[in-house]
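Structural characterization, general
As a plain string of letters, each chain reads:
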Amino acid sequence: MIVLELLDVVFITGFLEATIRIATPLVFAAIGETFVERSGVLNLGCEGMMLLGAIAGFIGAYWGNLWIGLALALVAGASIALLMAFMSVTLRINQIINGIVLWIFGLGLSTYIYRAVIPIKEPTPLLTGLQPIYIPFLSDIPILGKVLFQQNALIYIALLLVIVSQVILFRTKVGLHIIAVGENPRAAETLGINVFQIRFACLLFGGAMAGLGGAFLAVGVVKTFVENMVAARGFIAVALVIFGKWRPLRVLGGALLFGGLEALQMRLLALGLDVPYQFPAMLPYILTIVVLILVARKAEAPASLCIPYKKGGD
Amino acid sequence: MMGLRNLLQQSVLIEITISFLAILAAFALVAILLFLIGTDPLLAFQQILYGSVGSTYSIAETLGRTTPLLLLGLGTSIAFRSGVWNIGGEGQLYMGALFAVFTGLYVSTPGPTTLLLAFLGSFVCGSAWAIIPGFLKARLEVNEIITTVLLNFVAIYFIGYMVRGPWRDPIGINPYTAIISASAQLSILVPGTRLHAGLLVAILAIPIVYLLFWKTIFGYRMRVVGANPKAARYGGISVARYIVIAMVLSGGLSGLAGMIEVSGVHHRLMEGISPGYGYLAIAVAILGRLHPVGVCFAAIFFASLLNGVAAAHRLAGVPLGMVNVIIGLVMLFVLASEFLIRRRR
């Protein structure tokens, strides 16, 4: 019975669509994080940046329109990242503690802003969400058309981002500079590369992308803001970067795999499987841990990850 | 020798001064934020102070909140000092709470042994939950920050299942367990308040952690592992073993905090018995500079803040989320001041 429904066209289309929808916020955050870590900085504040992106996206969409929300989210994520860059790159404060502190700061600030905008008595406003764009002809293909060519603009942007990132990181001078700074900042500096500039730029980009990921979650998936709504997706994004071995295309693969399993879990539950909802809800978290165990020891992080750089030696 | 002692005392003084300045700076910013949303900052601060220490009742409430924060903060600082970033206090707390409720509902042993069982069992449960990421880090180098955060969510969903499913009070309306037996409850210290004997346990934990960590070879090794794992390995210390031990102690103290919240405050289990104490513990540990005495003061500070802002929320309309903003700002300023301290050395 269930097997038959699994093979249904509607089911498959819905499943693939959900996969992409769940994966997209992770793709944004994880691609940003890839650049940050490639430059030698571990950004554990990713979760906080996603939360601030979510509230910024929500407010922008609530007061203005979706695009204002997305722009605000970029700025919000980048602002927190600027703070992180100043503290952990300029002041050389422990990146792990700094990230954790910024995460908690983001959690607090996003909740505070939400309450300052929407009073407790008012019902949570729902957003209309992002409108799909129909790509002529291609969108008429069965299954694939609906999954790949009738999506909203941000999903196309996410896919484009992955490809552009892969090219920039491995095929351009800027990318090689980033990798050099992450592997050996001292040597990179001798070659005339500005370590601080590269790390600042990567962090700003990473923060903006985390913000965009958070905004997509609020505007495109949940369609409102809920306290702590990112629910560890920022940390899952960090895990995906490890899984993807700091390569954008592999990170995308990881995000899609993750999105697929979560979408499948949601759909199986909807088919009336008699399991308390808490157990499927645990799955993404357990799955991430399993993935980390599988790639453990095989992962080769950038050599200078987490080590603050001091100009001219200690 | 004298010179060294002087230097140490001086640096402690500097650290305390800088922590105070960080708190002041945070409050100055908060005053501006309050002003911007149209609340009188002075009135709000007055309410916060009154709500936290203004009466016997509010002092008792503040000490009540200090209890879990102190235990969790001690646990977090043990882990951080040992170089293990345990962010899983929240999940470990819930696992301890789970065992305490189990004892209180299904176990009846004579006299105080029920409480003792809950006490030991919750420590073990918190430890067991923390051993998973500890072991994964020690053996496979899996990042413990990510695993501890993720396990928090798993633990909380599991609690949700237990209180809505098998352990739900059959005659209750809400998804709570039944009230635990009287023999599994901690006695009240001050009549007319909710202050319970759990506070004594938390206070007792301060010297124990201090002695264990600063006065035994065992604690010394843990600190070496945290400060310089390479040197530790070179000196023949098994880094993997001490990582796991740090997680066991850290998780155990968090589990104990969960037991004390159940046996002392709620007397039952439900979702949300911890308003994020596990995360707040990180702030407690950092403001307390990972030292038991510092952690004690930091726990009192944050507990006062929680109760104070709750009172100011009721009386002066200060938004509740303000607590988290203040906590975030205090931590940011403390961290930034870390740079000043380092430059002096």
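Residues numbered from 1 in each chain as written. Chains lettered and ligands numbered in written order. Predicted model: local features only at pLDDT ≥ 70, side-chain atom pairs only at ≥ 80, totals over all residues.

1. Brief notes about helix H7 (residues 153-171) of chain A
All names here are of chain A. Its 19 residues give H7 an end-to-end C-alpha distance of 26 Å, which sits within 8% of 27 Å, the value for a rise of 1.5 Å per residue. Considered for burial, the residues of H7 that qualify are Leu-154, Ile-155, Ala-158, Val-162, Ser-165 and Leu-169. Seen along its axis, H7 keeps its buried residues to an arc of 105°; they face one direction. Relative to its buried face, H7 has exposed residues pointing more than 90 degrees away, namely Leu-160, Ile-163, Val-167 and Arg-171. Buried residues along H7 sit against helix H2 (9-38), helix H8 (173-183), helix H10 (195-222) and helix H12 (248-270). (Helix = DSSP H or I, 4+ residues; strand = E, 2+ residues; numbered from the N terminus. Expected span 1.5 Å × (residues − 1). Buried ≥ 20, exposed ≤ 12 C-beta atoms within 10 Å, placed from the backbone. Arc of directions from axis to C-beta. Contact = placed C-beta atoms within 7 Å.)

2. Some thoughts on the interface of chain B and chain A
Interface size is commonly expressed as the accessible surface area that is lost when the partners come together. Counting residues at the interface gives 37 residues for chain B, matched by 36 residues for chain A. Elements represented by at least two residues in the side of chain B that touches chain A include exactly helix H5 (113-140), helix H6 (144-164), helix H11 (277-287) and helix H13 (322-344) of chain B. Tallied by class, the residues present in the side of chain B that touches chain A amount to 28 nonpolar, 7 polar and 2 charged. (Nonpolar A, V, L, I, M, F, W, Y, C, P; charged D, E, K, R; others polar.)

3. Structural notes on the nonpolar core
Formed by 217 residues in total, the largest nonpolar core has its most connected members in Ala-54, Ile-104 and Leu-240 of chain A together with Leu-98, Val-284, Phe-302 and Met-331 of chain B. Per element, the largest residue contribution to this core is 16 residues, and it comes from H10 of chain A. Filtering out sequence-adjacent residues up to four positions away, Ile-104 of chain A remains in contact with Tyr-279, Ile-282, Ala-283, Ile-327, Gly-328 and Met-331 of chain B. (Core = buried A, V, L, I, M, F, W, Y, C linked by C-beta atoms within 7 Å.)

4. Re the packing of helix H3 (residues 56-81) of chain B against H11 of chain B
Residue and element names in this part refer to chain B. Two elements in contact, H3 and H11, have axes whose closest approach is 8 Å; the angle formed by their N-to-C orientations is 65°. The two elements H3 and H11 meet at a crossing, and its hand is right-handed. Here Pro-68, Leu-69, Leu-72, Gly-73, Thr-76, Ser-77 and Phe-80 of H3 lie close against H11, whose contacting residues are Tyr-277, Gly-278, Leu-280, Ala-281, Ile-282, Val-284 and Ala-285. Residue composition of the contact of H3 with H11, grouped by class: 10 nonpolar, 4 polar and no charged. (Axes fitted to C-alpha atoms, helices over the stretch in contact; angles between N-to-C directions. Left-handed = near helix turned anticlockwise from the far one by under 90°.)

5. Some details on the environment of Thr-109 of chain B
Residue and element names in this part refer to chain B. Residue placement: Thr-109 occurs in the loop between helix H4 (89-106) and H5. For Thr-109, a count of 13 C-beta atoms within 10 Å puts it in the partly exposed group. Between the C-alpha atom of Thr-109 and that of Ser-183, which follows or precedes it by 74 residues, the distance is 8.7 Å. Excluding its chain neighbours within four sequence positions, the residues that come into contact with Thr-109 are Thr-114 and Leu-117.

6. Here we look at unusual backbone geometry
Positive phi outside glycine occurs at Lys-245 of chain A, with the angle close to 50°. Turning to its location among the elements, Lys-245 of chain A is positioned in the loop between helix H11 (233-243) and H12. Notably, His-267 of chain B is not glycine yet its phi reads approximately 60°, a positive angle.

7. Quick word on the packing of helix H3 (residues 46-63) of chain A against helix H5 (residues 95-117) of chain A
Residue and element names in this part refer to chain A. The interhelical angle for the contact between H3 and H5, taken along N-to-C directions, is 15°, at an axis separation of 7 Å. Judged by the angle between their axes, H3 and H5 are roughly parallel. H5 is crossed by H3, and the crossing has left-handed handedness. Only Leu-102, Trp-103, Phe-105, Gly-106, Leu-107, Leu-109, Ser-110, Ile-113, Tyr-114 and Val-117 of H5 make contact with H3, whose side of the interface consists of Glu-47, Gly-48, Met-49, Leu-51, Leu-52, Ala-54, Ile-55 and Ile-59. Class assignment for the residues of the contact of H3 with H5 results in 14 nonpolar, 3 polar and 1 charged. (Parallel < 35°, antiparallel > 145°, perpendicular 65-115°, else oblique.)

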